[in-house]
Amino acid sequence: MKKSTMFGLLMLVVRRDLILAMRRRADVLTTLIFFVMVVSLFPLGVGPEMAMLRKMAPGVLWVAALLSSMLSLGRLFSADYLDGTLEQMMLAPQSLSMLVLGKMAAHWVVSGFPLVLMAPVLGLQFDMTGEALVVLIIGLLLGTPILSMVGAIGAALTLGLRGGGVLLSLLVLPLCIPVLIFATGAVDAVTSGLNITAHLSLLGAFFVMALVFTPWVTAQALRISME
Amino acid sequence: MLEVRKLACSRGDHRLFSELSFTLDSGQIMQVQGANGSGKTSLLRSLCGFLMPDEGEIIWRGENIRELDEEYYAEMMYLGHLNAIKDELSGLENLRISAGLSGVELTEKEAMDALRRMGLKGREMLPTKVLSQGQRRRVALARMLVNDAKLWILDEPLAALDVGAVALIQQLIAEHLARQGMVIFTTHQPLIVDGIDVLNLNLS
């Protein structure tokens, strides 16, 4: 028997959540398929006018990413809450924030990262240019982890509530508006030949802020929900 | 070691207990008794720090558990009504993960040995969803074999267990007490530990 370190515990949680996700593949796929469906419906709905599609592409992709991440957030803590694992996590001899950070990271790998991989293919449906796609992907890489992290606060606060899913969206979506604005703004900027560093730096700043504060806030919210 | 001072606890508007004080020292075991709804689980959950008591304090080695936080958690183990095991994972994976969460890294062999001692030989690799209720409980209770916590808080440890498993749990508790450990538990079944006086705390 060996004592585990803080980093060891973090990796344990990440690995555990990834194994569980692999054994429940349907959950992961539904989120991804939802994303693909929503994005693909737009060209069908608004007609094949290239200029318009190109203009709305980043917004559509981002709103779809926001909505599909809401779908999976409800499951972030609920299974662990129902089977008692969350209780045991609170009794871990390391800070709960670290464990929460592990769960956030696993959530992003399972439900955020596939969206990033899928985005270029979907972007082609909207006739996005190569450089616009690159900026879109950078924005998604910086932005989707923020959705997982901020969403975790909402998931922790609505834990164990009936109809928590809708409440979760109402809590989290407004908080994600800045991410939406700057990530889509960066794509707009690059297509109109402007500098994108301001947009991406702000996204990076949001990312760092979320990384520092959200695990702690989520841990507090979980303690409140457990009472 | 563990000292409870004038603890009061309520759920909703209903006061479960108040002015509750006791101490538990190394090598002692205490059974919390009381009718259904008398606050046994609430008391144990307060001792884990899940519930904020209305009044009073819980002291571990001279300090409030709220201040000790992780230091206290490193020395205690809680087994509640919920098994905290995942249906999709095997018994082996479940045990290694739950031990890992309590700060103990197990090798595969150590985990295997613990599961075998719990009577799960040949079922270590099966996903726990195919196990019976009692076997799942055994997977959860296997943590009693692989931890070095000083204080065990056990909420209904004997629920869903057969006679053989009950005897094994009694033996494990006796071994833990012999190592100068401490146990506080609730049960509706008789739990006899040879040669040791069980302290009683009646909440009704």
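Not measured: the values here are computed from a predicted model. (Residues numbered from 1 in each chain as written. Chains lettered and ligands numbered in written order. Predicted model: local features only at pLDDT ≥ 70, side-chain atom pairs only at ≥ 80, totals over all residues. Heavy atoms only, no water.)

Section: the overall build of chain B
In terms of regular secondary structure, chain B is built from seven helices and ten strands. Scaling as 2.2 N^0.38, a compact globule of 204 residues should have a C-alpha radius of gyration of about 17 Å, and chain B matches this with 17 Å. Based on the C-alpha atoms only, the size of chain B along its principal axes is roughly 50 × 40 × 30 Å. Classification of the 204 residues of chain B by burial places 56% in the buried group. Element-wise, carbon and sulfur atoms account for 47% of the exposed surface of chain B, whose accessible area totals about 8600 Å². On chain B, the mean spot of the 22 positive side-chain charges and the mean spot of the 28 negative ones are 6 Å from each other. (Helix = DSSP H or I, 4+ residues; strand = E, 2+ residues; numbered from the N terminus. Rg over C-alpha atoms; globule rule 2.2 N^0.38 Å. Buried < 20%, exposed > 50% of the residue type's maximum accessible area, 1.4 Å probe, protein only. Areas by Shrake-Rupley, 256 points an atom, 1.4 Å probe, with all protein chains shown as cover. Lys, Arg positive; Asp, Glu negative; His and termini not counted. Charge placed at Lys NZ, Arg CZ, Asp CG, Glu CD.)

Points about the interface of chain A and chain B
Every contact between the two is made by 33 residues of chain A and, on the other side, 34 residues of chain B. Taken together, the two surfaces of chain A and chain B that pack against each other cover about 3100 Å², and 56% of this comes from carbon and sulfur. Applying the counting rule to chain A against chain B returns five salt bridges. Among the secondary structure elements, those contributing two or more residues to the side of chain A that touches chain B are strand S1 (2-3), helix H1 (6-23), helix H4 (75-83), helix H5 (85-90) and helix H10 (197-226) of chain A. Tallying contributions element by element places H1 of chain A first for the side of chain A that touches chain B, with seven residues. When grouped by side-chain class, the residues that make up the side of chain A that touches chain B number 16 nonpolar, seven polar and ten charged. (Contact = heavy atoms within 4.5 Å. Buried area = accessible area lost by both parts, 1.4 Å probe. Salt bridge = Lys/Arg side-chain N within 4 Å of Asp/Glu carboxyl O. Nonpolar A, V, L, I, M, F, W, Y, C, P; charged D, E, K, R; others polar.)

Regarding the sheet that holds strand S2 (residues 14-24) of chain B
Residue and element names in this part refer to chain B. The four strands lie next to each other as S2-S1-S4-S5, forming an open sheet whose pairing is antiparallel. In this open sheet, the two edge strands, each paired with only one partner strand, are S2 and strand S5 (63-64). The pairing of strand S1 (residues 2-11) with S2 spans seven bridges and is classified as antiparallel. If you follow Cys9 over to S2, its bridge partner there is Phe17. Across the face of the sheet, helix H1 (residues 40-48) comes into contact with S1, S2 and strand S4 (55-60) while running at roughly 125 degrees to S1. (Pairing = 2+ DSSP bridges. Axes fitted to C-alpha atoms, helices over the stretch in contact; angles between N-to-C directions.)

Some details on the nonpolar core
Ranked by internal contacts, the top residues of the largest apolar core, which has 99 residues, are Phe77 of chain A together with Leu2, Tyr72, Leu151, Ile153 and Ile184 of chain B. Element by element, the count of residues in this core is highest for helix H7 (residues 130-157) of chain A, at twelve residues. For Tyr72 of chain B, the residues in contact, after removing those within four places along its chain, are Leu2, Leu47, Trp60, Ile65, Leu151 and Ile153 of chain B. (Core = buried A, V, L, I, M, F, W, Y, C linked by side-chain atoms within 4.5 Å.)

Digging into a nonpolar patch on the surface
The grouping of Val208, Met209, Leu211, Val212, Phe213, Trp216 and Val217 of chain A at the surface amounts to a nonpolar patch, some 690 Å² of accessible area in total. Within the fold, Leu211 of chain A resides in helix H10. (Patch = residues over 30% accessible without salt bridge, like charges linked within 9 Å, V, L, I, M, F, W, Y side chains within 5 Å.)

Re the pairing of strand S8 (residues 151-155) of chain B
Residues and elements named next belong to chain B. Most of S8 is tucked away, with five of its five residues classed as buried. The alternating pattern of S8 places Leu151, Ile153 and Asp155 on one face and Trp152 and Leu154 on the opposite face, and all of these are buried. Note that strand S6 (residues 76-79) and S8 share four bridges and pair parallel. Considered in S8, the bridge of Tyr78 is made with Ile153. Where S8 meets strand S9 (residues 182-186), five bridges bridge the pair, whose relative direction is parallel. Looking at the pairing, Ile153 lines up with Ile184 of S9. You can see the chain leave S8, run along helix H7 (residues 163-178) and come back into S9, and the turn it takes is right-handed. (Right-handed = clockwise from strand over helix to strand, strands pointing away.)

Section: the confidence of the model for chain B
Looking at chain B as a whole, the pLDDT averages 88, with 100% of positions reaching at least 70. Complex prediction metrics read pTM 0.90 and ipTM 0.88. (pLDDT = per-residue confidence, 0-100.)

Re the pattern of salt bridges
For the structure shown, the criterion picks out 22 salt bridges over all chains. Between Lys86 of chain B and Asp83 of chain A there is a salt bridge whose closest N-O contact spans 2.9 Å. Highlighted residues: Lys86 of chain B in the loop between S6 and helix H4 (91-101) and Asp83 of chain A in helix H4, drawn from two different chains. For Arg117 of chain B, the salt bridge is made with Glu175 of chain B, and the minimal N-O distance between the two is 3.1 Å. Separated by 58 residues along the polypeptide, Arg117 of chain B in helix H5 (residues 108-117) and Glu175 of chain B in helix H7 bring together distant segments of the chain. The exposure class assigned to Glu175 of chain B is partly exposed, which follows from its relative accessible area of 30%.

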